[in-house]
Amino acid sequence: MNQSNDLQFDYKYGFSMPDTSIFQTKRGISPEIVYQISKIKNEPEWMTAKRLRAYEIFLTKKMPSWGADLSKIDFDDIVYFIRATDKQQNSWEDLPAEIKETYDRIGVPEAEKKFLAGVSAQYESEVVYESITKELTKDGVIFCDMDTALLKYPEIVKEYFGTLIPATDNKFAALNSAVWSGGSFVYVPKGVQVKLPLQAYFRINAERFGQFERTLIIAEEGSIVHYIEGCTAPIYVTDSLHSAVVEIFVKKNARVRYTTVQNWSNNVYNLVTKRAKAEENAVMEWIDCNIGSKVTMKYPSVYLMGEGAKGEVLSIAYAGADQHQDAGAKMIHFAPNTSSRIVSKSISKHGGRTSYRGLVQVMPGATNSSVFVSCDALLMDENSRSDTYPTMKIKENQVEVQHEATVEKLGEEKLFYLTSRGISKNDAEGILVNGFIEPVTREIPLEYSIELNRLMQLEMSGSVG
Amino acid sequence: MLAEAKGRSPERSRRNKHMKFIQIKQGKKSKHVVNTPGEYIFFIHNYSGEVDIEIKSQEAKVFIYGIYVGKKGDNFTLNTIQHHKIGNSISDLLIKGVFFDDAKFIYDGLIKIDKKAQKSNAYQKNQNLMLSKDVFVSSKPNLEILANDVRCTHGSTTGQLDQTQVYYLKTRGLTEDTAQKLLIEGFVGDVFNKMEENGVDDPVILERIRQSTT
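Residues numbered from 1 in each chain as written. Chains lettered and ligands numbered in written order. Predicted model: local features only at pLDDT ≥ 70, side-chain atom pairs only at ≥ 80, totals over all residues. Heavy atoms only, no water.

A. Looking closely at the packing of helix α2 (residues 163-171) of chain B against helix α3 (residues 176-197) of chain B. All names here are of chain B. Look at α2 against α3: their axes get within 9 Å of each other, and the N-to-C directions meet at 125 degrees. With respect to α3, the axis of α2 lies oblique. The chirality of how α2 crosses α3 is right-handed. Here Q165, V166, L169 and K170 of α2 lie close against α3, whose contacting residues are E176, A179, L182 and L183. (Axes fitted to C-alpha atoms, helices over the stretch in contact; angles between N-to-C directions. Helix = DSSP H or I, 4+ residues; strand = E, 2+ residues; numbered from the N terminus. Parallel < 35°, antiparallel > 145°, perpendicular 65-115°, else oblique. Left-handed = near helix turned anticlockwise from the far one by under 90°. Contact = heavy atoms within 4.5 Å.)

Okay, structure coming up:
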């Protein structure tokens, strides 16, 4: 371990492959480009119309007046669509060597061998490799990319697409609705419990290329599914935009968990709209870890629509040099006996800035609802910054709403104790930070939490592992 | 206990000399600058508007206490700012609200610690009791922390009276109304106790405050 020399943390997956994309739109956005994207994908007419309408909405919507600095985003300097390979690959051997090498470095095949139910690895804007185990298919579970879903299951897509996050929601949701490509589609039939987590890897791999994936998850009555999204991206000089939309429908007695380990390289604007609707006695859990990116603005939300529904957001945010993590959660209680819990842990170092921004709203009639919010922030040095912006709007009196937050530095006594036991200061900091985020990491599958712990240790020591 | 109390009293009377009591009144200036060390107590009652407190002195201890009682047609909007510009200072805010009928309370609080205000401690707490279905409460306790050697916490709770406590009092023979009244008194009384602990022991001031809040 290099202690004294505070090396710039070299991005571990910061390699990039030569660009072999076969088709890409020209830079910038216009109705022609939106139309072109839809046409290339052979989409049904209603989707083309939806895209064009969303483009109009995108033009009229203003940039958010709050949150992180987005003034550097130049919408005219982004390529909105790239097709990585001509057609979908269904076996590992058929994949182009370069793409295979990229995946080898991230470890997709091993992960799959070990315990993945299905891999849907997204290379640039479309899913090029995808395998679904026989069991899933037998149970009627659909797990594919959104483009395939639109062609194969247009009725399901049409019924749900954009109903929870309409294009009018915000500027970036409108942009995504206009130019989306890729993303995952998950449909779990009534009573089916998917035992292994479904995973998808996303990568941005072309300069100035924004990735606009669109994910739709539908969990029918009494079903259970856990979806994992992990991000790693190579470093590029110019800024990249990632603007996803994720819509999740959790029906009566169903349970969905959505885990994200976001580790974009430090030039990516990560502006994501994620929302779930929980019906009667349904459970929705977001586990959200934001380690990378230049700017993240992401507030996973749960609309608790049915009686007894439960929502939970557990999140970790880490901001290093030149990073701003503006993340949080939204819980909206519409029905009686609903409960929500938000636990947020954030760490700022080397001048980084983390902001927790949250909304809790209890609507009239949501009697006997309970809300618990807890935000803890660690400031590792004097150049870093931490903000907490919670909002609680309560329109019902038979409720229990609790919010608490703390901001502090690492305990000096704890550091002193560990160093007195012969542990170096950097290692001691790593241990304490990992302890600090443990309430969230213990909810993440083992291989992710190991990776995350190692990553935090690396970030803390400031050296390359 | 007795020895402890005795031992504390000279210190308290010494502190009292330096303790400044400021009651925030409607229509008066909303910005207050704390320039000298010592204890300051700000008291807010059913006040709508901004209370902006700038701390520009070391060894300054600023307490902000607020009581809101909202009834039919009441609509309160409160903004508080605890801005630490110089470190080694403390600010501690406690706002309690009891709301009946269709009362509205919109609270927006901010703790801001400047980069050079190291070793600041800042606390902020807002607790609200909602005693009617038509009450609306919005609470935004914000933190903006730019220094690292600090400790800042905030908390906010909103809800109804603890039903198990009401039940307990009723099993002791109290009526629902009396039980409610007692619990509300206890809830608000907490603020008075804190003020007394921090040196507001002038019976005239205390009586005036009590009068104005009941």
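B. Region of interest: the domain arrangement of chain A. All names here are of chain A. Partitioning chain A into structural domains gives domain 1 (21-90 + 140-298), domain 2 (305-409) and domain 3 (423-464). Relative placement of domain 1 and domain 2: their C-alpha centres are 23 Å apart. Domain 1 puts 27 residues into the contact, and the matching count from domain 2 is 22 residues. Across the domain 1 to domain 2 interface the summed buried area is about 1,800 Å²; carbon plus sulfur atoms make up 46%. Where domain 1 touches domain 2, the interface holds 0 salt bridges. Linking domain 1 to domain 2 there are 23 residue pairs in polar contact (both at pLDDT 80 or more). Elements with a contribution of two residues or more to the side of domain 1 that touches domain 2: β13 (268-278), β14 (283-290) and β15 (295-298). Tallying contributions element by element places β14 first for the side of domain 1 that touches domain 2, with 8 residues. (Domains from an automatic or database assignment. Buried area = accessible area lost by both parts, 1.4 Å probe. Salt bridge = Lys/Arg side-chain N within 4 Å of Asp/Glu carboxyl O. Polar contact = N/O pair within 3.5 Å; in protein donor to acceptor, adjacent residues only side chain to side chain.)

C. Local environment of the packing of aromatic side chains. All names here are of chain A. One pass over the full model with this rule turns up 16 aromatic pairs over all chains. Ring plane angle 55 degrees and centroid distance 6.0 Å describe the contact between Y303 and F334, whose orientation is recorded as tilted. Of this pair, Y303 sits in strand β16 (residues 301-304) while F334 sits in the loop between β18 (324-333) and β19 (339-348), placing them 31 residues apart in sequence. For F334, a relative accessible area of 32% puts it in the partly exposed group. (Phe/Tyr/Trp six-rings, centres within 6.5 Å; stacked < 30°, edge-to-face > 60°. Buried < 20%, exposed > 50% of the residue type's maximum accessible area, 1.4 Å probe, protein only.)

D. Highlighting the UniProt feature "domain: SUF system FeS cluster assembly SufBD core" (unreviewed entry) in chain B. In the numbering adopted here, UniProt assigns the feature "domain: SUF system FeS cluster assembly SufBD core" (unreviewed entry) to residues 50-187 of chain B. Between the first and last C-alpha atoms of residues 50-187 of chain B the distance is 24 Å; the span itself is 15% helix and 55% strand. (UniProt positions renumbered as here; feature names shortened; annotations may be inferred.)

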